[in-house]
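# Chains, contacts and geometry: an overview
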Amino acid sequence: MAPIEPTTQPSTDTDKERRWRLVLGADDNDQSSALSADDKRLSKALNALYGHDAHKGRGSLSRSAPKVSSWLGDIREFFPASVVQVIQRDAFERLGLKNMLLEPEFLAAMEADVHLVADLISLRTIMPEQTIETARQVIKRVVDELMERLEQKTAEAIRGAVNKSKRSFRPRFADIDWPRTIQANLRHYQHEFKTVVPEKLIGYQRQSRRIVDLDEVILCVDQSGSMASSVVYSSIFAAVMASIPAVKTRLVCFDTAILDLTDDLADPVSVLFGVQLGGGTDIDQAIGYCETKIERPGKTHLILISDLYEGGNADSLKGRIANLIRQDVNVITLLALNDDGRPSYDAEMAATFAALGSPVFACTPDQFPDLMATALKRDDILNWAADQDIKAIRADSAGSF
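As a starting point, this report considers the structure included with it.

Calculation rules
- Residues numbered from 1 in each chain as written.
- Predicted model: local features only at pLDDT ≥ 70, side-chain atom pairs only at ≥ 80, totals over all residues.
- Heavy atoms only, no water.
- Axes fitted to C-alpha atoms, helices over the stretch in contact; angles between N-to-C directions.
- Helix = DSSP H or I, 4+ residues; strand = E, 2+ residues; numbered from the N terminus.
- Left-handed = near helix turned anticlockwise from the far one by under 90°.
- Contact = heavy atoms within 4.5 Å.
- Nonpolar A, V, L, I, M, F, W, Y, C, P; charged D, E, K, R; others polar.
- Phe/Tyr/Trp six-rings, centres within 6.5 Å; stacked < 30°, edge-to-face > 60°.
- Buried < 20%, exposed > 50% of the residue type's maximum accessible area, 1.4 Å probe, protein only.
- Core = buried A, V, L, I, M, F, W, Y, C linked by side-chain atoms within 4.5 Å.
- Salt bridge = Lys/Arg side-chain N within 4 Å of Asp/Glu carboxyl O.
- Pairing = 2+ DSSP bridges.
- Right-handed = clockwise from strand over helix to strand, strands pointing away.

## Details of the packing of helix 6 (residues 114-123) against helix 7 (residues 129-158)
- In the contact formed by helix 6 and helix 7, the axes pass within 10 Å of each other and the chain directions differ by 145°. Regarding helix 6 and helix 7, the two cross each other, and that crossing is left-handed. The segment helix 6 lies against helix 7, with Val 114, Leu 116, Val 117, Leu 120 and Ile 121 engaging Ala 135, Val 138, Ile 139, Val 142 and Leu 146.
- Residue classes in the contact of helix 6 with helix 7 are distributed as ten nonpolar, no polar and no charged.

See the structure below:
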């Protein structure tokens, strides 16, 4: 979190003094020539959160939305977005600023990310009406950014339903084999436009698939508080997959209750507003519900996204998973679907799932499209994970990352 540098290059001693004053926190009356006006603004902004008086309410970050907005503006000026998000989360924890998310002015000033979306979802039931609309706008902004980043790769991976062993000279646009098409039409190169104008298209013949032949994907997502960012990503992927005709997608979220959000997948923002983060965990009950929705086990892929801390009947849960796998349901267990690194999980339950035949590991959002493509092709998931340098839980150990 390096501060901005002054426009003039200070001497070595002065630079050391400047850095030490910034590290230790300069007070408002510091007249040292080592600190520029921008240095003092930076120090004041950090003192508001990390200074000695911050916990006593004497810091410059008061419970005033305009003042907080100004503070956020200073933070954004001095630090990149990734650092801003860390500082915001520290402010939530140290100064209790979650309550300030109820204020539209404050909310509009926030640097939005997946974690902020999770905070807004958890607070939506106590938000005043005018704040809910602002929250929707913030959530929509994050969702749109994530959809732009993840949608194309997901769609391309899942549309691997094309049969590449058969050629077609009347392919759909998405099925054109561009290298072969360009090679076959090089003689039609147009010097004036510096491009090839293809007279013959070469592509793949797509398999015709009836509704009864479609693969079914059930995303069963733990919405307890520890899984917050995984819920956000899962909801977005479910919305993307629901728009792809090649698969039938169902989204089931659970804590001690079950929420089937499948009918809302056309609007991922509405899906997220339907989620209730927090509460206990009853995985067994959720898997039991998903069992009732499975019509063709051999064509069904159940993706359980959970840290596996079971608050329900653990023995019943193990029996359900074993039974699904015996019926040829493709059961994959993700301990997390997020960017945050190593997940916290029930190691004993994870090892049990692995012993039953369900691959168990954590996955990032960027890896998830390839994971789904591998699952839909019924390829070896553990081999795929190894190729991705993902450490899967082993059946013969408690497992660790």
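Moving on from the coordinates now.
## Brief notes about the packing of aromatic side chains
- One pass over the structure, following the stated rule, counts two aromatic pairs.
- Ring geometry for Phe 237 versus Phe 368: centroids 4.5 Å apart, planes at 40°, classification tilted. Pair noted here: Phe 237 is in helix 9 (residues 228-242) and Phe 368 is in helix 14 (residues 368-376), with a separation of 131 residues, a long-range link. Each member of the pair, Phe 237 as well as Phe 368, is classed as buried.

## Digging into the nonpolar core
- Of all hydrophobic cores here, the largest spans 68 residues; its most connected members are Phe 361 and Phe 368.
- The element contributing the most residues to this core is helix 7, with eleven residues.
- Listed in part, the 25 residues of the second largest apolar core include Ile 287, Leu 304, Val 331 and Tyr 345.

## Observations concerning the side chain of Thr 300
- Within the element layout of this structure, Thr 300 appears in strand 8 (residues 300-305).
- Those residues within four positions of Thr 300 in sequence are excluded, and the remaining contacts are Glu 216, Ile 218, Ile 294, Val 329, Asn 330 and Arg 378.

## Examining the pattern of salt bridges
- Following the criterion strictly, the structure yields twelve salt bridges and no others.
- Where Asp 215 meets Lys 299, a salt bridge forms, and the shortest distance between an N and an O atom there is 3.8 Å. Residue Asp 215 is located in strand 5 (residues 215-222), and its partner Lys 299 is located in the loop between helix 11 (283-292) and strand 8; the two are separated by 84 residues in the primary sequence.
- Residue classification places Asp 215 among the buried positions, given a relative accessible area of 8%.
- Among the charged side chains, a network of salt bridges with common partners joins Arg 149, Asp 339 and Asp 366.

## Digging into helix 14
- Judged by how many residues are buried, helix 14 sits mostly within the fold: eight of nine residues are covered.
- For helix 14, the set of buried residues is Phe 368, Pro 369, Leu 371, Met 372, Ala 373, Thr 374, Ala 375 and Leu 376.

## Description of the environment of Asn 185
- Position of Asn 185 relative to the elements: it lies in the loop between helix 8 (178-184) and strand 2 (189-190).
- Each C-alpha atom, one on Asn 185 and one on Val 196, is 6.9 Å from the other, the two residues being eleven residues apart in sequence.
- Beyond its immediate chain neighbours, meaning those up to four positions away, Asn 185 contacts Val 196, Val 197, Pro 198, Glu 199 and Lys 200.

## Quick look at the pairing of strand 8
- Burial of strand 8 is extensive: six of the six residues sit out of reach of the surface.
- The alternating pattern of strand 8 places Thr 300, Leu 302 and Leu 304 on one face and His 301, Ile 303 and Ile 305 on the opposite face, and all of these are buried.
- Bridge count between strand 5 and strand 8: six bridges; the pairing is parallel. Note that in strand 8 the partner of Val 217 across the bridge is His 301.
- Here five bridges tie strand 8 to strand 9 (residues 330-337), and the two strands are oriented parallel to one another. Bridge pairing in strand 9 links Leu 304 to Thr 333.
- Handedness of the β-α-β unit built from strand 8, helix 12 (residues 314-326) and strand 9 comes out right-handed.

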